[in-house]
Amino acid sequence: MPEINENQIKRIMPHDSAMERALLGTLLVYPEVIRDVRENVAEEDFYDRQSGLTFRAICEMSDANQPIDPLTLRSKLGEMDVPPEMTTLEFVSSISNSAGIRDLAEGYAQKIAESALKRSMIRLNEELAGNCYSGKNIDEVFEEAEKKLFKLIQSRSTSETVPIKDVVFEALAQIEKAARNKGGIIGIPTGFTDLDRLTMGLQPANLVLVAARPSMGKTALVLNMAENMICRQGRSVAIFSLEMPKADLVKRLLAINSKVNARNIWSGSLSDGEWHEVIQSAGTIAGSKLVIDDTTGISLGELRSKARKYKLENEIDVIMIDYLQLMSVSKGSKADSRQQEISEISRGLKEIARELDVPVIALSQLSRQVESRSDHRPMLSDLRESGAIEQDADMVMFIYRDDYYHEDSDKKGISEISVQKNRNGEIGKVELVWIPELTKFANMDHSTISSLDE
C-alpha cells in the first residue's frame, strides 16, 4: 500500500462549532453579557454561517432593547434573509439547549475570535504563496503581505464595519472633549502657544506639511516640537532623518533642551556649568520615548514597514520625516517622472497617517521661484515638484524670516509661521522668536495672529 503523504490530507480550518453554539446559547439564556462579549467577537468570526447570522440577530435585538428568548429570536430570524431551517422551533431550541456557563461567555468569545484569526492567517499564507508563484515584484509581495498581517495584528479579527450609532457616539465624545477645552487644543500640542491656538493641535490621521526654503529652520522647528512632546508631554515620537545622522540630530536636541549654545556642544568647548546642563538633558532625552531612524534614501515601502513596527513596539504618537524630497518610492515603482514619484510618496504618507492613526509631519523643500519674487513669502503654489503634496496634506505651514532677505528688517530674530491650509481648522499667521545659537524657536510674549483672507 503506497504511503500517504501528510500534505495530501485535506486540512480542516481551525474552528469549534460546539463552542460557537455554546456562546449563542449562553447569550440567549443570559442576554446581559452580550455587551461584554461583543468586544471580543464579531459576526464574521463564526465559522458556521448559521451561527454568525444568529449572533447578528441577537445583537440587533439587544441594540433595539427587545426581550431576548427562544421565541423572540425565532421571530427575529423569520424577519431576516436566512435559510428556512433557521426559523424553526427545533433550530432555536437546539441553540438554547447548548448554553454554556454564564461566567465563561467572554472566554468562549475569545476562543472563537482566535480561531477566526488563525483562519485569516492561513488564508493570508495561501495568498502570499500565490503571489510568489505569480511572478510579482518582491517589493510588492512584501508590502501586500506586511500590510495585511499588520491589519490582522491590530484588529484581532474584529469587524471592520462599525455600527453608525458607535460612530455617532465617537463624534459626540470628540465634541464633548472640545467643549471641555473651551474650543482649545484637542490634538497633540506642538508646544508653541499661538500655533496651537490657531491649529488646535496636531490631529490623528493627518498629514502635516512644514515647508520652507533652505536656512529657514524647517528641521529646527520640528525638533522643537519633538523635544516638547517627548520631554514635557511624555509622548512617543519617531523621527525619520534622511539628511542628518542620528547623533547630529541628538546634539541639536541637547542644545534645545539644555539651552546651551549649539556651537559649544558641537565643538566640545563647554564650561563646567554647561557640561552639567548637557548631561542633565542627555539623561532626559535618553529616558524619553524617542525613536530616530537615519536610513538614507529610505523608500516609501521601507518607511511604512518601519513605522508599523515602531507603532506596535512603542505606540508611536507622532511621526516626523526630514524631508519628503529625499525619499523614493519602492523599487518596483514604474513612476515616469519625479513629479509622479513625489505624488506617490505624498499619497503614501497620508495613507500611513490614516492607517496608524497618528499625525505624520513631513518637511518639504520649496521651489526656487520664491527667490524670484519681490515678496519672498511662500505660497501653496511654491510647493516643489507636485501639486499633489498640497492635495494630500491636511495642513500646510510655511516658515519665513524677513531678516534673512532684508538686513534692515524690523523683524530681526522673528520667524513667521504661516498656516495656509488647515482641513480641520483655521488658517492664519503666528510669529515665533528664532534663537540661532540654540537652533531653537520660542513663543513670543505678544505674537500676532492675522487672517490670510484679510
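First, a word on scope: everything that follows refers to the structure included in this document. (Residues numbered from 1 in each chain as written. Predicted model: local features only at pLDDT ≥ 70, side-chain atom pairs only at ≥ 80, totals over all residues. Heavy atoms only, no water.)

1. Details of unusual backbone geometry
Step number 1: Of note, the amide linkage connecting aspartate 322 to tyrosine 323 takes the cis form, showing an omega dihedral of 0°.
Step number 2: Relative to the elements of secondary structure, tyrosine 323 occurs in the loop between strand S4 (318–322) and helix H15 (338–356).
Step number 3: Although it is not a glycine, alanine 205 sits at a positive phi angle of roughly 70°.
Step number 4: Note on placement: alanine 205 falls in the loop between helix H9 (193–199) and strand S1 (207–212).
Step number 5: For alanine 205, a relative accessible area of 17% translates into the label buried.
Step number 6: Positive phi values are uncommon outside glycine, yet aspartate 357 reaches one of about 60°. (Helix = DSSP H or I, 4+ residues; strand = E, 2+ residues; numbered from the N terminus. Buried < 20%, exposed > 50% of the residue type's maximum accessible area, 1.4 Å probe, protein only.)

2. Concerning the packing of aromatic side chains
Note on aromatic pairs: each is described by the distance of the centres and the angle between the planes.
Step number 1: On inspection of all chains with the given rule, the structure shows five aromatic pairs.
Step number 2: Ring geometry for phenylalanine 240 and tyrosine 310: centres 6.0 Å apart, planes at 35°, overall tilted. On the criterion of sequence distance, the pair formed by phenylalanine 240 in strand S2 (residues 236–241) and tyrosine 310 in helix H14 (residues 300–314) is long-range, its members being 70 residues apart.
Step number 3: Overall, tyrosine 310 belongs to the buried group, its relative accessible area being 12%.
Step number 4: Aromatic side chains tyrosine 404 and tyrosine 405 sit 5.1 Å apart centroid to centroid with 85° between the ring planes, which places their arrangement in the edge-to-face category.
Step number 5: A connected cluster of aromatic rings, assembled from ring pairs, spans Tyr400, Tyr404 and Tyr405.
Step number 6: The positively charged end of lysine 251 is found above the aromatic ring belonging to tryptophan 266, 4.6 Å away from the centroid. (Phe/Tyr/Trp six-rings, centres within 6.5 Å; stacked < 30°, edge-to-face > 60°. Lys NZ or Arg CZ within 6 Å of the ring centre and 35° of its normal.)

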